[in-house]
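Reading the structure
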Amino acid sequence: MGETFQSLLGRLPVTSSDRLLLEMQRAIVEGELPAGSKISEPELARKFNVSRAPLREAMARLERCHLIERIPNAGARVVKLSAEGLQALYQIREELEGLACRLAAENMDEHEIEQLRALLDQHLQSQRVREGESYYQEAGDLDFHYRIILGSKNPYLINMLCDELYFLVRMYRVQLGMNGPRVSRAFDEHKAIINAIASRDGELADLLMRRHIAASRGNIELKLQQVGTQHD
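Here's what I pulled together on the structure shown here. This structure is a prediction, so every number in the text was calculated from the model and none was measured.

**Focus: the packing of aromatic side chains**
- This structure, assessed with the given rule, holds two aromatic pairs.
- Where tyrosine 146 meets tyrosine 166, the ring centres are 5.2 Å apart and the plane angle is 65 degrees; that geometry is what we call edge-to-face. You can see tyrosine 146 sitting in helix H8 (residues 144-151) and its partner tyrosine 166 sitting in helix H10 (residues 166-177), a full 20 residues away along the chain. Tyrosine 166 carries the same exposure label as tyrosine 146, and that label is buried.
- Between the aromatic rings of tyrosine 166 and phenylalanine 167, the centroid separation amounts to 4.9 Å while the plane-to-plane angle is 80 degrees, which identifies the pairing as edge-to-face.
- When its relative accessible area of 4% is taken as the criterion, tyrosine 166 is described as buried.

Shown next, in the form of structure tokens:
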């Protein structure tokens, strides 16, 4: 089966399949392999300079994480970004990340909370964040949401949000949700969430995260509508 995305994010990949998995994941998340595009195994084998065996293993792992889907009689393609998919995904995300915040307020120690504050300070060093232009966060430990999920200390929740759904959520966030008028508000919402966790107010942290994700969903929905209008 191979390792989880979470374990690979914490260190350098070892096998050719690991390396290919992370390269393809990045290409899909950032739109280099466009959403909805058909996947040609021979083309990908040439693009990434690999044989078909590790390519098929990587594709199977990406399918389990919902970045690739197989269509009967049509082969494999990169998952589409759609309003329906966004709604289904963010309904789950809102519930589970709210719970993660509630648990993080109970389980994160003071050092972990200070590290989370330091991460936000690091994000603010970006000129594009300061000017409200873009709020790009690297995957894994440099991602505010990822760190809070780990802080929940709940292995089942971590598995669902940091492995199974993480990069599909990230695909929507990177391609549609990390720039525009919500940048400054999103950063301020992150600060309020940290303050609630630091105050050990799990109920407030839960509520603030749910509101934060709901606002993010609304922002992405608007951009999906704009993209659809441009293609009409």
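**Focus on the pairing of strand S1 (residues 68-71)**
- Relative to strand S2 (residues 75-78), S1 is paired through four bridges, and the arrangement is antiparallel. Looking across to S2, one finds that isoleucine 68 is bridged to valine 78.
- Connecting S1 to the antiparallel partner S2 that follows it, the hairpin turn spans three residues, and asparagine 73 within it adopts a positive phi of roughly 65 degrees.

**So, the environment of leucine 116**
- Here leucine 116 shows up in helix H6 (residues 110-124).
- Overall, leucine 116 belongs to the buried group, its relative accessible area being 1%.
- Here the alpha-carbon distance between leucine 116 and phenylalanine 144, two residues 28 residues apart in the chain, equals 7.3 Å.
- Discounting residues that sit within four places of it in the chain, leucine 116 has contacts with Met108, Phe144, Arg147, Ile148 and Ile194.

**Some words on the side chain of glutamate 41**
- Here glutamate 41 lies in helix H3 (residues 41-48).
- A distance of 3.2 Å separates a polar atom in the side chain of glutamate 41 from a polar atom in the side chain of arginine 52.
- In this view, glutamate 41 contacts Arg52, Leu55, Arg56 and Met59; residues no more than four positions away in its chain are not counted.

**As for the nonpolar core**
- Ranked by size, the top nonpolar core spans 62 residues in total, and within it Met24, Ile148, Tyr172 and Ile197 carry the most contacts.
- Split by domain, this core shows at least three residues from each of two domains, domain 1 (16-78) and domain 2 (83-229).
- Leaving out residues up to four positions away in the same chain, tyrosine 172 has contacts with Lys80, Leu81, Ser82, Gly85, Leu86, Leu89, Tyr90, Gly177, Ile220 and Leu224.

**A few points about unusual backbone geometry**
- Positive phi values are uncommon outside glycine, yet asparagine 49 reaches one of about 55 degrees.
- Here asparagine 49 shows up in the loop between H3 and helix H4 (52-64).
- The exposure class assigned to asparagine 49 is exposed, which follows from its relative accessible area of 71%.
- Phi at histidine 66 is positive, roughly 70 degrees, even though this residue is not glycine.
- Among the secondary structure elements, histidine 66 is positioned in the loop between H4 and S1.

Conventions and cut-offs
Residues numbered from 1 in each chain as written. Predicted model: local features only at pLDDT ≥ 70, side-chain atom pairs only at ≥ 80, totals over all residues. Heavy atoms only, no water. Phe/Tyr/Trp six-rings, centres within 6.5 Å; stacked < 30°, edge-to-face > 60°. Helix = DSSP H or I, 4+ residues; strand = E, 2+ residues; numbered from the N terminus. Buried < 20%, exposed > 50% of the residue type's maximum accessible area, 1.4 Å probe, protein only. Pairing = 2+ DSSP bridges. Contact = heavy atoms within 4.5 Å. Polar contact = N/O pair within 3.5 Å; in protein donor to acceptor, adjacent residues only side chain to side chain. Core = buried A, V, L, I, M, F, W, Y, C linked by side-chain atoms within 4.5 Å. Domains from an automatic or database assignment.

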